[in-house]
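Per-entry structural report
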Amino acid sequence: MQRENWASRLGFMLAAMGSAVGLGNIWRFSYVAGENGGGAFLILYILSVLVIGIPLLLVEVSIGRKAQRDIVGSYKKLAPKQPWFMVGYLGVASAFLILSFYSVVAGWALYYWWRYVTGAMTEMPDIGFGGSFEAFISQDYAPLFWHALFMGITMFIVLVGVKKGIELANKILMPILALMMIALAIYSVTLPGAGEGLAFLFQPDWSVLDDPSVYIAALGQAFFSLSLGVGTMMTYGSYLTKQHQLPGATVGIGVMDTLFAIISGIVIFPAVFAFGIDPSSGPPLVFITLPEIFYQMNFGGVIGLVFFTALSLAAISSSISLLEVPVAYLMRAANMSRKLASLIVGLVIFASGVTVSLGMGKWSGITLIGDRNILDSMDFLSSNVFLPIGGVTMALFVGWYFSKQEALEASDLTNNPIGGLWYVLVKFIAPFIIAIIFLNSLGIV
Ligand code: TRP
């Protein structure tokens, strides 16, 4: 069977940006930045994107395009009879884990979208927006309905084939989301007390750097936000043909994605301080601050509606890229149809997400890693451990398994003056920094 292809380089870029920009930029970025002290975290995050993230994005897409396979297949094809493909399985498992909680959180976003549709959010609940959110996510069934709906939509799109629906939706929605975020940022900085929020985000308190977990958090956030390390970008790259140039595309994706995160910080943190919310409230953070902002604004009901529409769609364009990783794998390895693979994987991930959702209520006493609940544990394990391992292996693969000439050729950097710098980053610097961050977090260096 003929493998699918993107219609154009622009189609690929939109899909890859759609994958990168999602809940990670708004929901995850703001709560992780909030928990890790703000400004100093932001700087580490930006450094991680520039020095490690963007170079590895190019690595990942290049491997996929060269091999024209899913993640496991790519390693098997390029390095036959060698153990590299094991990392492919790790990638498939990580995509699975991430989507399990991603879909639950996206379900929360859909629920909020619905509450703006019905106009319910224009009234302040007796227990406040924070209280009503906590009450919602701790229920047994209601959040599962939204999780099921979100997973259903994701499965449907992947099962039909990514191109038409998603490429088109992204083309329209990304600019809307970007414009809204900018408008909200302008509004947010005019809130009384906004200065404190901006200081939190932009005036680094270097003392937080004494804690090794901040480095891991920044690295994990860079990987998560750029959709790196599980084979998403490899799989998307595998639908590209050789005639398209990669370096410019990957830089564009990385820069866009980072701008989205910074702007969402400018939206969230002034509001966090203006409304007296604790910046380290964890995953619920944006679901409390945003409704507060919209409640204070003129036409907040409409703005909230458009915002949650855009956020839900941004989440969908990311979740399909996560589902595509195991689906592409099964289609090739088990010779399954796209339809069957999407259905099976989607249902299993849905079931795994049920535990995440119950972990916010009935099962909130269950802690898996340290004192983290089920959601936080899955997120921690996948983002801060599996993604960096997946990414470092890709870097080592291109840096050490390929010859220098092959590496430059695969990434369209032959004769490009930045080729040498990229190669050194990929071969030595990125693996070295990631290794140090890991060892440091384990207390070894
Ligand atoms: N980057 C997406 C976001 O920010 C989520 C995502 C999609 C992802 N594909 C991924 C995260 C692969 C890690 C790995 O919302």
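Residues numbered from 1 in each chain as written. Predicted model: local features only at pLDDT ≥ 70, side-chain atom pairs only at ≥ 80, totals over all residues. Heavy atoms only, no water.

**Here we look at the site of the ligand**
Taken together, 18 residues lie around the ligand, and Ala-20, Gly-24, Tyr-102, Phe-224 and Ser-227 are the ones closest in. One of the side-chain N or O atoms of Ser-321 is found 3.3 Å from a nitrogen atom in the ligand. Within the complex, 100% of the 360 Å² of free accessible area of the ligand lies under protein. Listed by contribution, the elements that provide at least two residues to the shell around the ligand are helix 1 (9-20), helix 2 (23-35), helix 5 (85-118), helix 10 (213-225) and helix 14 (300-333). Each residue belonging to the shell around the ligand can be placed in one class, and the counts come to 9 nonpolar, 9 polar and no charged. (Near = heavy atom within 4 Å. Polar contact = N/O pair within 3.5 Å; in protein donor to acceptor, adjacent residues only side chain to side chain. Areas by Shrake-Rupley, 256 points an atom, 1.4 Å probe, with all protein chains shown as cover. Helix = DSSP H or I, 4+ residues; strand = E, 2+ residues; numbered from the N terminus. Nonpolar A, V, L, I, M, F, W, Y, C, P; charged D, E, K, R; others polar.)

**Some words on the environment of Val-158**
For Val-158, the location among the structural elements is in helix 7 (residues 142-160). In this structure Val-158 comes out as buried when scored by relative accessible area, which is 0%. With residues up to four places along the chain from it excluded, the contact list for Val-158 reads Ile-320, Leu-323, Glu-324, Val-327, Arg-338 and Ser-342. (Buried < 20%, exposed > 50% of the residue type's maximum accessible area, 1.4 Å probe, protein only. Contact = heavy atoms within 4.5 Å.)

**Some words on the pattern of salt bridges**
Throughout the structure, instances matching the rule amount to 8 salt bridges. Linking Glu-4 and Arg-338 is a salt bridge whose minimum nitrogen-to-oxygen distance equals 3.0 Å. Residue Glu-4 is located in the segment before helix 1, and its partner Arg-338 is located in helix 15 (residues 338-358); the two are separated by 334 residues in the primary sequence. Taking relative accessible area as the criterion, Arg-338 reaches 11% and is therefore assigned buried. A cluster of three or more residues bridged by salt bridges with shared partners is formed by Arg-65, Lys-242, Glu-409 and Asp-412. (Salt bridge = Lys/Arg side-chain N within 4 Å of Asp/Glu carboxyl O.)

**A closer look at the environment of Met-13**
Relative to the assigned elements, Met-13 resides in helix 1. Here Met-13 falls in the buried class, since its relative accessible area comes to 15%.

**Some points on the environment of Gly-346**
When you line up the elements, Gly-346 lands in helix 15. On a C-alpha basis, the gap between Gly-346 and Trp-422 in space is 37 Å, while along the polypeptide they are 76 residues apart.

**A few points about the packing of helix 2 against helix 12 (residues 247-274)**
Following both chains from N to C, one finds helix 2 and helix 12 inclined at 65°, their axes separated by 9 Å at the closest point. Of the two elements, helix 2 crosses helix 12, and the hand of that crossing is right-handed. Contacts between helix 2 and helix 12 involve Asn-25, Ile-26, Phe-29, Ser-30, Ala-33 and Gly-34 from the former and Asp-257, Phe-260, Ala-261, Ser-264, Gly-265, Ile-268 and Phe-269 from the latter. Its residues assigned to classes, the contact of helix 2 with helix 12 shows 7 nonpolar, 5 polar and 1 charged. (Axes fitted to C-alpha atoms, helices over the stretch in contact; angles between N-to-C directions. Left-handed = near helix turned anticlockwise from the far one by under 90°.)

**Some points on the packing of aromatic side chains**
Considering all chains together, one arrives at 37 aromatic pairs under this definition. For the ring pair Tyr-116 and Phe-294, a centre distance of 5.9 Å and an interplane angle of 85° mean the geometry is edge-to-face. Placement of Tyr-116 in helix 5 and of Phe-294 in helix 13 (residues 285-296) is noted, with a sequence separation of 178 residues between them. The class of Tyr-116 is buried, set by a relative accessible area of 6%. A residue is classified by how much of its surface remains accessible, and Phe-294, at 3% relative accessible area, is buried. A centroid spacing of 5.5 Å and a plane angle of 15° characterise the contact between Tyr-116 and Phe-308, whose relative ring orientation is stacked. Of this pair, Tyr-116 sits in helix 5 while Phe-308 is found in helix 14, placing the two residues 192 residues apart along the sequence. Each member of the pair, Tyr-116 as well as Phe-308, is classed as buried. The aromatic ring of Phe-224 is capped on one face by Arg-28, whose charged end is 4.8 Å from the ring centroid. The positively charged end of Lys-76 is found above the aromatic ring belonging to Phe-85, 4.8 Å away from the centroid. (Phe/Tyr/Trp six-rings, centres within 6.5 Å; stacked < 30°, edge-to-face > 60°. Lys NZ or Arg CZ within 6 Å of the ring centre and 35° of its normal.)

**Quick notes on the packing of helix 7 against helix 15**
Between helix 7 and helix 15, the shortest axis-to-axis distance is 9 Å and the interhelical angle comes to 160°. Relative to helix 15, helix 7 is oriented roughly antiparallel. The element helix 7 and its partner helix 15 pack so that their crossing is right-handed. Here Pro-143, Leu-144, His-147, Ala-148, Met-151, Met-155, Val-158 and Leu-159 of helix 7 come into contact with helix 15, specifically with Arg-338, Lys-339, Ser-342, Leu-343, Gly-346, Leu-347, Ile-349, Phe-350, Gly-353, Val-354 and Ser-357. Taken together, the residues of the contact of helix 7 with helix 15 sort by class into 12 nonpolar, 5 polar and 2 charged. (Parallel < 35°, antiparallel > 145°, perpendicular 65-115°, else oblique.)

**Overview of the side chain of Ser-74**
Mapped onto the elements, Ser-74 comes out in helix 4 (residues 71-78). Those residues in contact with Ser-74 that lie beyond four places of it in its chain are Ile-63, Gly-64, Ala-67, Arg-69 and Met-234.

**Focus on a nonpolar patch on the surface**
Among the surface-exposed residues, Phe-432, Ile-436, Leu-439, Leu-442, Ile-444 and Val-445 lie close enough to one another that they form a single nonpolar patch of about 600 Å² accessible area. Mapping Val-445 onto the fold places it in the segment after helix 18 (419-441). Residue Val-445 is classed as exposed on the basis of its relative accessible area, which comes to 56%. (Patch = residues over 30% accessible without salt bridge, like charges linked within 9 Å, V, L, I, M, F, W, Y side chains within 5 Å.)

**Examining helix 5**
A rise of 1.5 Å per residue sets the reference length of helix 5, with its 34 residues, at 50 Å; its end C-alpha atoms lie 49 Å apart and thus fit the reference within 8%. Once helix 5 finishes, Gly-119 follows within two positions and takes phi at roughly 85°, a positive value. (Expected span 1.5 Å × (residues − 1).)

**A short note on the nonpolar core**
Ranked by size, the top nonpolar core spans 154 residues in total, and within it Phe-12, Trp-108, Phe-287, Phe-307, Phe-308 and Trp-422 carry the most contacts. By residue number, the principal contributor to this core is helix 5, which donates 17 residues. With sequence-adjacent residues up to four places away left out, Phe-308 is seen in contact with Ala-109, Tyr-112, Trp-113, Tyr-116, Phe-287, Leu-290 and Phe-294. (Core = buried A, V, L, I, M, F, W, Y, C linked by side-chain atoms within 4.5 Å.)

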